[in-house]
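Understanding the architecture of this molecule
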Number of protein chains: 2
Amino acid sequence: MTFKRTNPLALAVLALLSERPMHPYEMAQTMRERHQEEVIKLNYGSLYTVVETLTRHELITASAVQKAGNRPERTVYAVTGAGTAELHDWLRSLIAEPAREYPRFEAGISMVGLLPPSDALEVVRRREAAVTEQLTALAVLLEKLAGMGLPQLAWIELDYRMAMLRAERAWLSWFATATGEGTVGGYDSWEDRHR
Amino acid sequence: MTFKRTNPLALAVLALLSERPMHPYEMAQTMRERHQEEVIKLNYGSLYTVVETLTRHELITASAVQKAGNRPERTVYAVTGAGTAELHDWLRSLIAEPAREYPRFEAGISMVGLLPPSDALEVVRRREAAVTEQLTALAVLLEKLAGMGLPQLAWIELDYRMAMLRAERAWLSWFATATGEGTVGGYDSWEDRHR
DNA sequence: CCCCGTATACTCGGCGCCGGATATACGGGA
DNA sequence: TCCCGTATATCCGGCGCCGAGTATACGGGG
């Protein structure tokens, strides 16, 4: 069976191992240091599962079993040729081909008519505030990274995320206003349903 | 153990059953007809699992077992009081509180430096084209729904999605241009790494 | 009247993901 | 020297999700 590109954590593993061989725990540490866990969900349990799966598909191999002092053994892995190929191909398709991902907010907002308009207005405003907070937090982080001398390419994903969050905030602001003024299409029957 | 709000399909089930009692297969049909599967991932296997879980938590109950002709038995479910409360509360938190969702594109673009600049430019342009296609497809669908007399509130999630897609397209366009011109921060070392 | 494709309605095995458990080593304070 | 909190490194049971499989009924063409 061919390798299924499900968990992006596997992508991170391939990327890390193409720098140098590592053992799983070290991969996790490195991801933390580089703020990669902001972008790719990291979970120790999943990490070991992913490493095992990659090994089974011969995209990485156990290159050594170290034993320093009396510490538990640690298995060091290295990327194979097929692994490097997989990394690049996966990366290209990840960027080139948008994938349907079913964001939870879309599910929520699609049912907003189930809430009374006043409640809807309140929760949307709360989200707007939360998004604004995320934006300022990102701006701070970005300031810090740029201050450390990192080039834009090193935090390009944060740039993207900020653009998306700004767009979301603008939409939320519009929707809140339209709901408050009662100018959103279908407002009258919406209000009628809730009395 | 308290009910975990993981699968949004459970939200759809609660919403459908607060209209009227249904059996699982009918829920699926209804979701299809209303284009809900565009927003919430529908899978028969998951549907039955979700229904069972909701039953276990007494958010819905099997209200009847029908047997029409010689067809297989079908179990009809109805929402309980606790279920209605859960629906509203879940909905409110889904809208009010942004959840980290790790979009795959963020993972991809964060590693774009691993590709040579020319390859990066190509795949980003391809995504830009794909996003544009999605936008025109959505515009067509939206035209159709509006033509059927449905109010804006009935397709508000498509409105949101279009706003997000437009923002993404704008960002992709900027990034492609900056990469092509070599004006993205860190371009020189990026190019150097790939010769 | 038979055949076969489609619709109806659900079932089931497998697998990946998660979070908590496990076990040892190290370092600093009392 | 003892204790305990933190770091190191991995393991494992359970569960939810997925997609393919099953079985019957209906309806239209030949």
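Note that the coordinates shown come from a computational prediction; the quantities given were computed from them, not determined experimentally.

What counts, and at which threshold
Residues numbered from 1 in each chain as written. Chains lettered and ligands numbered in written order. Predicted model: local features only at pLDDT ≥ 70, side-chain atom pairs only at ≥ 80, totals over all residues. Heavy atoms only, no water. Least-squares fit on C-alpha atoms with pLDDT ≥ 70 in both. Contact = heavy atoms within 4.5 Å. Domains from an automatic or database assignment. Phe/Tyr/Trp six-rings, centres within 6.5 Å; stacked < 30°, edge-to-face > 60°. Helix = DSSP H or I, 4+ residues; strand = E, 2+ residues; numbered from the N terminus. Buried < 20%, exposed > 50% of the residue type's maximum accessible area, 1.4 Å probe, protein only. Lys NZ or Arg CZ within 6 Å of the ring centre and 35° of its normal.

Concerning the relation of the copies chain B and chain A
- Once turned by 180 degrees and shifted 0.0 Å along the axis, chain B lies on chain A with an RMSD of 0.0 Å. Both chain copies can therefore be described as sitting about a two-fold axis.
- In this assembly, 100% of the residues forming the interface of chain B have copies in chain A that are likewise at the interface, indicating an isologous arrangement.

Notes on the domain arrangement of chain A
- Domain parsing of chain A yields domain 1 (8–96) and domain 2 (104–193).
- Each of domain 1 of chain A and domain 2 of chain A has a C-alpha centre, and these two points are 34 Å apart.

Details of the packing of aromatic side chains
- Applying the stated criterion across every chain yields a total of 18 aromatic pairs over all chains.
- For the pair B:Phe105 and B:Trp171, a centre-to-centre distance of 6.4 Å together with 80 degrees between the ring planes defines the contact as edge-to-face. Residue B:Phe105 is found in helix 5 (residues 104–110), and its partner B:Trp171 is found in helix 7 (residues 156–181); the two are separated by 66 residues along the sequence. As far as burial versus exposure is concerned, B:Phe105 and B:Trp171 are alike and both buried.
- Judged by centre distance (5.9 Å) and plane angle (75 degrees), the rings of B:Tyr187 and B:Trp190 are edge-to-face. Separated by 3 residues within a single helix, B:Tyr187 and B:Trp190 lie in helix 8 (residues 187–193), roughly one turn from each other. Taken as a pair, B:Tyr187 and B:Trp190 share a single burial class, namely buried.
- Taken together, the ring pairs in this structure connect A:Phe105, A:Trp171, A:Trp174, A:Phe175 and B:Tyr160 into an aromatic cluster.
- The lysine or arginine in question, A:Arg100, covers the ring of A:Tyr102, its NZ or CZ lying 5.0 Å from the ring centre.

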